[in-house]
Amino acid sequence: MDEDRKKILNRLKRIEGQIRGLQRMVENDAPCEDILTQFSAATSAMKKAGVAVIRIYMANCLAKAVEDRNGSIEEFEKALARYISMS
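Residues numbered from 1 in each chain as written. Predicted model: local features only at pLDDT ≥ 70, side-chain atom pairs only at ≥ 80, totals over all residues. Heavy atoms only, no water.

Tallying secondary structure elements over the protein gives 3 helices and 0 strands in all. Traced from its N-terminal end to its C-terminal end, the protein shows the element sequence α-α-α. Whereas a compact globule of 87 residues would reach a radius of gyration of roughly 12 Å, the protein reaches 17 Å, over 25% beyond that. On the principal axes, the C-alpha backbone points of the protein span a range of 55 × 30 × 15 Å. The burial tally for the protein puts 17% of its 87 residues in the buried class. Counting only contacts in the protein whose residues sit at least 6 apart along the sequence, the fraction spanning at least 24 positions is 64%. (Helix = DSSP H or I, 4+ residues; strand = E, 2+ residues; numbered from the N terminus. Rg over C-alpha atoms; globule rule 2.2 N^0.38 Å. Buried < 20%, exposed > 50% of the residue type's maximum accessible area, 1.4 Å probe, protein only. Contact = heavy atoms within 4.5 Å.)

Take a look at the structure:
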């Protein structure tokens, strides 16, 4: 799990760099096409990071939900639905 967590954190750090790059592009009045291309890249990176989180944490979340039985499965389903509707 620690190696997986490192991979997710590295993805998030790259995304953070992309967002900072977008801020600089807006500040420097970069062409609209370039800004939108970078927005698309950042959005795609966020979606891929979300998929990685689901893949890595799903088994853990479901195991906890089965043990807990206090609505955890429903909470997981709601979170997953929010993520899917974002796509």
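This part covers the pattern of salt bridges. All told, the structure shown has 2 salt bridges when counted by the stated rule. Two residues, Glu16 and Arg20, come together in a salt bridge whose shortest N-O distance is 2.9 Å. Taken together, the positions of Glu16 and Arg20, both in helix 1 (residues 2-27) and 4 residues apart, correspond to about one turn of that helix. Take Glu16: its relative accessible area is 38%, and that puts it in the partly exposed class. (Salt bridge = Lys/Arg side-chain N within 4 Å of Asp/Glu carboxyl O.)

Before going further, it helps to examine the confidence of the model for the protein. On average, residues of the protein carry a pLDDT of 87, and 94% of them reach 70 or more. At the level of individual helices and strands, the protein shows its lowest average pLDDT in helix 3 (residues 72-86), which scores 81, and its highest in helix 1, which scores 94. (pLDDT = per-residue confidence, 0-100.)

Contact geometry of helix 2 (residues 32-68) with helix 3 gives a least axis separation of 9 Å together with a crossing angle of 165°. With respect to their mutual orientation, helix 2 and helix 3 come out roughly antiparallel. Crossing handedness for the pair helix 2 and helix 3: left-handed. For the pair helix 2 and helix 3, the contacting residues are Met46, Lys47, Lys48, Gly50, Val51, Ile54, Met58, Cys61, Leu62, Ala65 and Asp68 in the first and Ser72, Ile73, Phe76, Leu80, Tyr83 and Met86 in the second. Of the residues that constitute the contact of helix 2 with helix 3, the class distribution is 12 nonpolar, 2 polar and 3 charged. (Axes fitted to C-alpha atoms, helices over the stretch in contact; angles between N-to-C directions. Parallel < 35°, antiparallel > 145°, perpendicular 65-115°, else oblique. Left-handed = near helix turned anticlockwise from the far one by under 90°. Nonpolar A, V, L, I, M, F, W, Y, C, P; charged D, E, K, R; others polar.)

Below, the discussion takes up the nonpolar core. In terms of nonpolar packing, the biggest core is built from 5 residues, these being Leu22, Met25, Ala30, Ile35 and Ala42. For this core, the elements supplying multiple residues, two or more each, are helix 1 and helix 2. Sequence-distant contacts of Leu22, defined by excluding residues within four places in its chain, comprise Ile35, Gln38, Phe39 and Ala42. (Core = buried A, V, L, I, M, F, W, Y, C linked by side-chain atoms within 4.5 Å.)

You will see that Asp29, though not glycine, has its phi angle at about 55°, which is positive. Mapped onto the elements, Asp29 comes out in the loop between helix 1 and helix 2.

Quick look at helix 1 now. Helix length check: helix 1, at 26 residues, gives a terminal C-alpha distance of 37 Å against a target of 38 Å (1.5 Å per residue), a fit within 8%. Listed as buried for helix 1 are Ile8, Ile15, Gly21, Leu22 and Met25. Considering only its buried residues, helix 1 is in contact with helix 2. Directly beyond the C-terminal end of helix 1, a positive phi value near 55° is found at Asp29. (Expected span 1.5 Å × (residues − 1).)

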